[in-house]
Amino acid sequence: MKRLVKDILFAIVTALLLSAFIYFEDFNLTSKALNTLFGIGGFALLLYIPKRAILFSGFFIGLLWFYWIGFSFVYQGVGYMEPIITIAFGFIYLIFFAPLSFTDNPLIRALLLFGLSFVAPFNWNWMQLPLPFVDSYIGVYKYQFTLVLLALALPSLLKKPYRYLPLLLLIGALNYGYPKQELAPLKIKVVTTHIKQENKWQPQYLYPTVTMAFQEIEQAIYENYDVIVLPESVFPLYMNKTPDLIKNLEKFSKQITIVAGSLLYEDEQNYNVTYMFQNGSYKIAKKLVLVPFGEYIPLPKFAQKFINDTFFSGASDFVTAKKPTDFIIKGIKFRNAICYEATCPELYRDHPKYMIAMSNNAWFAPSIEPTLQRLLMKYYARKNGTTIYHSANYKGSGIIQ
């Protein structure tokens with residue numbers, strides 16, 4: 001019994017160390033020094049704690065990072081699934097980290113951890129293992145993560161007085177800078193809205209929502225902005241089915257470029273899209289990467305329809321574009337990203353200089369989800385030299401560098 005308690009305590013401390021950076025950021029308490037120490041300490045514990053403690057660690061890490069995922073099920077009419085999904089993510093990451101529990105050898109565990117940094121369960125890629133270092137003195141490139149793991153694991157193979165010599169490898173893991181990031185040479189207004197998810201798709205809230213969006217546009221014109229960016233699905237309807245709305249937006253776009261989220265129904269398919277209105281006309285960008293279990297079911301075909309109809313009321317049936325979409329706004333190229341895909345490497349493969357991203361984070365209010373999303377955006381933005389203009393409903397808006 002004492003040994004079990006000890007393993008659980010080891011696991012809790014490990015999980016807290018590897019999750020603290022999210023909560024520091026959420027409470028505006030981010031410290032590079034603490035993030036560095038906690039991150040190194042957390043990974044050191046993963047390499048050295050008892051095998052059983054590894055399993056508990058994975059479970060607690062899954063909860064601390066992703067407890068909020070079940071919140072969205074309330075709005076799908078299956079609220080009873082909320083605690084089940086929360087616990088499920090604990091077990092998913094128990095399994096994720098389980099390979100480390102097959103050995104006591106820190107070097108083998110380090111190699112396994114490096115391998116796990118390429119794994120995304122169910123295509124859910126928000127467990128980026130170098131992420132605890134995104135606001136620290138350690139860099140987030142793979143080679144730097146490798147050096148951290150080696151610096152922590154190799155002392156187990158050496159004897160005094162050379163045991164701690166491998167810690168010098170941490171010098172090579174320091175953050176020596178990222179590609180240069182620049183602000184776009186345009187005046188861009190990034191809008192935050194505060195529409196509760198339970199109200200967002202209700203018919204009685206449609207007119208106030210659309211009115212609010214036009215008020216934001218008019219205010220941006222008054223303030224002489226070049227571009228206004230509104231959140232994902234800020235127009236909660238199939239915009240291509242509302243020609244009068246399109247005409248009004250085209251009219252305003254002669255004074256300001258409008259980038260806004262909505263839906264598209266085309267060829268009997270649903271698309272989560274961005275509309276860009278400019279100079280009296282518009283362009284549509286379809287989403288490239290869908291949210292696992294939110295917009296598509298990452299399971300074999302025979303299971304997809306049953307799960308979609310049973311747990312998502314048929315809502316997880318969106319389809320995607322073939323490639324990323326770029327908007328040319330007043331001669332400047334912007335990569336378009338909608339919510340989850342702004343945290344996916346597919347959108348950054350050619351290192352876009354500027355990105356316009358939009359989200360609806362009200363699905364997970366109140367939680368750390370917008371904070372974790374922002375940290376992930378920062379992770380990819382810094383690695384690729386991209387400046388992100390992010391507009392969100394609920395929380396998370398801003399310019400991310």
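Here, every reference points to the structure presented above.
Residues numbered from 1 in each chain as written. Predicted model: local features only at pLDDT ≥ 70, side-chain atom pairs only at ≥ 80, totals over all residues. Heavy atoms only, no water.

Colleague: Please explain the sheet that holds strand S10 (residues 398-400) as it appears in this structure.
Modeller: Within a sheet, each strand pairs with its neighbour through backbone hydrogen bonds, oriented either parallel or antiparallel. Strands sit in the order S6-S7-S8-S9-S10 across an open sheet of 5 strands; the sheet is mixed. Looking at which strands have only one partner, the edges of the open sheet turn out to be strand S6 (326-329) and S10. Going from strand to strand, the sheet's axes swing by 30 degrees on average, the running direction of each strand aside. Two elements, strand S8 (residues 354-360) and strand S9 (residues 387-393), share 7 bridges in a ladder whose sense is parallel. Looking across to S9, one finds that Ser359 is bridged to Ala392. Along the sheet, helix H12 (residues 369-384) makes contact with S8, S9 and S10, crossing S10 at roughly 40 degrees. (Pairing = 2+ DSSP bridges. Helix = DSSP H or I, 4+ residues; strand = E, 2+ residues; numbered from the N terminus. Axes fitted to C-alpha atoms, helices over the stretch in contact; angles between N-to-C directions. Contact = heavy atoms within 4.5 Å.)

Colleague: So what exactly am I meant to see when it comes to helix H3 (residues 51-66) here?
Modeller: Two residues of an α-helix separated by three or four positions point the same way, owing to the 3.6 residues in each turn. Taking 1.5 Å as the rise per residue, H3 with 16 residues should run 22 Å; its terminal C-alpha atoms sit 23 Å apart, in good agreement. Every buried residue belonging to H3 is among Ala53, Ile54, Ser57, Gly58, Phe59, Ile61, Gly62, Trp65 and Phe66, and all of these are buried. In this structure, the buried residues of H3 make contact with helix H1 (2-26), helix H2 (32-48), helix H4 (82-97), helix H5 (106-116) and H12. (Expected span 1.5 Å × (residues − 1). Buried < 20%, exposed > 50% of the residue type's maximum accessible area, 1.4 Å probe, protein only.)

Colleague: How should the nonpolar core be read in this particular structure?
Modeller: Where a protein is soluble and globular, its nonpolar side chains tend to be buried together. Core analysis: the largest hydrophobic core is formed by 68 residues, its most contacted members being Phe66 and Trp68. A per-element tally of this core places H12 first, with 7 residues. In this view, Phe66 contacts Phe89, Tyr93, Trp124, Trp126, Met127 and Leu372; residues no more than four positions away in its chain are not counted. Judged by nonpolar contacts, the second largest core, of 27 residues, contains Phe214, Ile246, Phe252 and Ile256. (Core = buried A, V, L, I, M, F, W, Y, C linked by side-chain atoms within 4.5 Å.)

Colleague: Got a minute to help me understand the packing of H1 against H2 in this structure?
Modeller: Helix-helix packing is described using two parameters, namely the angle between the two axes and the distance between the axes. Relative to each other, H1 and H2 sit at 150 degrees, their axes nearing to 9 Å. The orientation of H1 relative to H2 falls into the category roughly antiparallel. Relative to H2, the crossing made by H1 is left-handed. Here H1 contributes Phe10, Val13, Thr14, Leu17, Leu18, Ala20, Phe21 and Phe24 to the contact with H2, which in turn contributes Leu34, Asn35, Phe38, Gly39, Gly41, Gly42, Phe43, Leu45 and Leu46. Taken together, the residues of the contact of H1 with H2 sort by class into 12 nonpolar, 5 polar and no charged. (Parallel < 35°, antiparallel > 145°, perpendicular 65-115°, else oblique. Left-handed = near helix turned anticlockwise from the far one by under 90°. Nonpolar A, V, L, I, M, F, W, Y, C, P; charged D, E, K, R; others polar.)

Colleague: Mind showing me how you'd approach the environment of Thr86 here?
Modeller: Structurally, Thr86 is set in helix H4. Here the alpha-carbon distance between Thr86 and Leu375, two residues 289 residues apart in the chain, equals 21 Å. Non-local contacts of Thr86, meaning those with residues more than four positions away in its chain, are made with Leu63, Tyr67 and Gly70.

Colleague: Please clarify how the environment of Leu290 should be interpreted in this entry.
Modeller: Relative to the assigned elements, Leu290 resides in the loop between strand S5 (281-286) and helix H11 (301-311). By relative accessible area, Leu290 is classed as buried at 7%. As a C-alpha pair, Leu290 and Gly177 span 113 residues in sequence and 31 Å in three-dimensional space.

Colleague: Where do I start with the side chain of Ser367 in this structure?
Modeller: In this fold, Ser367 is placed in the loop between S8 and H12. Note on Ser367: relative accessible area 7%, which makes it buried. From its side chain, Ser367 meets the backbone oxygen of Phe364 in a polar contact 2.6 Å long. Within the structure, the side chain of Ser367 is placed 3.1 Å from the backbone nitrogen of Glu369, a separation counted as a polar contact. (Polar contact = N/O pair within 3.5 Å; in protein donor to acceptor, adjacent residues only side chain to side chain.)

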